[in-house]
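Survey of secondary and tertiary structure
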Amino acid sequence: MNPSTGVRSASRDRSRPVFHPWSAQGAVRQVRVDGAAGCWFWDRDGNRWLDLHSQLGNLHLGHQHPVLVEAVGAQAARLCTLAPSYGYEVRDEAARLILDTMPDAMRSVLFTNGGADANEHALRMARLVTGRPKVLAAHRSYHGATDGAMAVTGDPRRWSAEPPGSRTVRFFGPYLYRSEFHATTVEEECERALRHLRRLIGYEGPETVAAIILEPVVGSNGVLVPPPGYLPGVRELCDEFGILLIADEVMTGFGRCGAWFAGDLHDVVPDLLTFAKGVNSGYVPMGGVAVGERVAAYFEDRPYPGGLTYSGHPLACASAVASIGVLRDDKLVERAELLGRTVLGPSLARLAQRVPVVGEVRGVGLAWAIELVSDRDSREPLAPYAAPGPLAPPMAQLLAACRERGVWPLVAANRVHLLPPLIITETELERGIEAVADALTEVFGGHRRATTGPTGVTT
């Protein structure tokens, strides 16, 4: 360090100052983004991409929405930050508006910085309220990268980071295309998945289980839409055994699935509901736990042992207030349902007929997945269900082909995920699907066509 300037020596290599998540640092090769607007983003070389996954599934209102930009700027001019121990109008307003989008049983909101810590606090609340240690969580699930959230995550991202002694017991959720229960119908899959869950509760001892945590529509593990009756069945099991139900709506909340929350599609009310992403399109980091009646009553006269410096940050709250206003005024929740039913679903069904590597397309609202197989008869996945790291070569080729055509979906394992901004136009959506179809045809057009067709659309 130079004692006269207080500046450290520049002799060390700091050419890569950012430590990147989920990556081997020496292998990081990034596209350098120069700007974005609406459903599009671009680099300095003039390459433009249609954002078909809303960044990380969070950009419901698209890039640089003027209402949100103005709201954040106006709040910054009034008060940028405030400790959560003080009362403040915009924080109260955000909480009220968020609760107004939820079932009446939700009583209050604990604000967090994002989805992972929202799940952390929900798990803590469940264990405190019940006095029980265990949590049941699905194998195909993702709940965040902090220790507690990773402990209940089911997918391979946990393999190298799973904390010891997590007190998590995993179950298989419904997934008819790759049924763990040898089911051949939606009804069988639902009944057998619930029977499996009941048996597991019995094996573990109901009196030891604090909560069941699940995504009402599984997100990054394949956009798995539960069959009718499954979520109500889980709710009934929780009520029977005194277990709390935690709905992780971080990815599915605020209109993504064509309802304010995916649980609304099944009239299921959880005890704790976690959210983030779509609450303000990620313009300022924000998440939260909506607290139901049983949990609220427990902490009425007991201090809750937890909190965050930035809980209810004024800038985040202002952006949430503005975002909920836009979602309501522009009827974007209803529009997501309509576009999924009339444009995205039918277009993907036609794509499946054209492209022989498509095994199944499934989704609801503006959350969809295309599952790719090397053979439709055996349903052999085109790429492994693998831990973080480089994409399998065929899938990397597919993503490159999509980028060349000006679209950027999420490619993961053997799937293509489409979760576009809720503001996307019908023309943009059709253009994006066609580009993905062309990329699939270019990369996989030479695959042997199986004797059977795709299973079609699952919603």
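Every value quoted in this text rests on a predicted model; they were computed, and no experiment measured them.

Taking strand neighbours across the sheet as the criterion, the four strands line up as β1-β2-β3-β14 in an open arrangement whose pairing is mixed. Single-partner strands in this sheet number two, and they are β1 (33-37) and β14 (407-408). Alignment of strand β3 (residues 48-51) against β14, held across two bridges, turns out to be parallel. The partner of Leu50 across the bridge, within β14, is Val407.

This part covers the pairing of β1. One ladder, built from four bridges, connects β1 with strand β2 (residues 40-43); its direction is antiparallel. Bridged to Val33 within β2 is Asp43. Counted along the chain from β1 to the antiparallel partner β2, the turn is two residues long, and its residue Gly38 has a positive phi close to 60 degrees.

Applying the stated rule across the entire model yields eight aromatic pairs. Between the aromatic rings of Phe254 and Trp260, the centroid separation amounts to 6.4 Å while the plane-to-plane angle is 85 degrees, which identifies the pairing as edge-to-face. Classification of Phe254 as buried rests on a relative accessible area of 0%. Relative to Phe275, the ring of Phe254 lies with its centre 5.9 Å away and its plane at 75 degrees, an arrangement referred to as edge-to-face. Highlighted residues: Phe254 in the loop between β8 (244-248) and β9 (272-275) and Phe275 in strand β9, separated in sequence by 21 residues. Aromatic ring contacts, followed pair by pair, group Phe254, Trp260, Phe261 and Phe275 into a single cluster. Across from the ring centre of Trp40, 4.4 Å away, lies the NZ or CZ of Arg48, which sits over that ring. Between the NZ or CZ atom of Arg302 and the centre of the ring of Tyr298, over which it lies, the distance is 4.0 Å.

A few words now on the pattern of salt bridges. Where charged atoms from two side chains of opposite charge come close, those side chains can pair. On inspection of all chains with the given rule, the structure shows 15 salt bridges. A salt bridge links Asp438 to Arg354; its shortest N-O distance comes to 4.0 Å. One end of the pair, Asp438, is in helix α12 (residues 426-444); the other, Arg354, is in helix α10 (residues 332-354), with 84 residues separating them in the sequence. The shortest N-O distance in the salt bridge between Arg405 and Glu442 comes to 2.5 Å. Linking Arg405 in the loop between α11 (393-404) and β14 with Glu442 in helix α12, this pair joins segments that are 37 residues apart in sequence. Accessibility expressed as a relative area gives 29% for Arg405, which makes it partly exposed. Take Glu442: its relative accessible area is 47%, and that puts it in the partly exposed class. Connected through shared salt-bridge partners, Arg178, Glu360, Arg362 and Glu371 make up one network.

For the rest of this paragraph, the subject is the side chain of Ser311. When you line up the elements, Ser311 lands in the loop between α8 (293-298) and α9 (314-329). Taking relative accessible area as the criterion, Ser311 reaches 10% and is therefore assigned buried. A distance of 2.8 Å separates a polar side-chain atom of Ser311 from the backbone oxygen of Phe111. The contact partners of Ser311, leaving out residues within four places of it in the chain, are Pro84, Arg91, Leu110, Phe111 and Asn113.

Cut-offs applied
- Residues numbered from 1 in each chain as written.
- Predicted model: local features only at pLDDT ≥ 70, side-chain atom pairs only at ≥ 80, totals over all residues.
- Heavy atoms only, no water.
- Pairing = 2+ DSSP bridges.
- Helix = DSSP H or I, 4+ residues; strand = E, 2+ residues; numbered from the N terminus.
- Phe/Tyr/Trp six-rings, centres within 6.5 Å; stacked < 30°, edge-to-face > 60°.
- Buried < 20%, exposed > 50% of the residue type's maximum accessible area, 1.4 Å probe, protein only.
- Lys NZ or Arg CZ within 6 Å of the ring centre and 35° of its normal.
- Salt bridge = Lys/Arg side-chain N within 4 Å of Asp/Glu carboxyl O.
- Polar contact = N/O pair within 3.5 Å; in protein donor to acceptor, adjacent residues only side chain to side chain.
- Contact = heavy atoms within 4.5 Å.

These results come straight from atomic positions and should not be treated as a statement about function.
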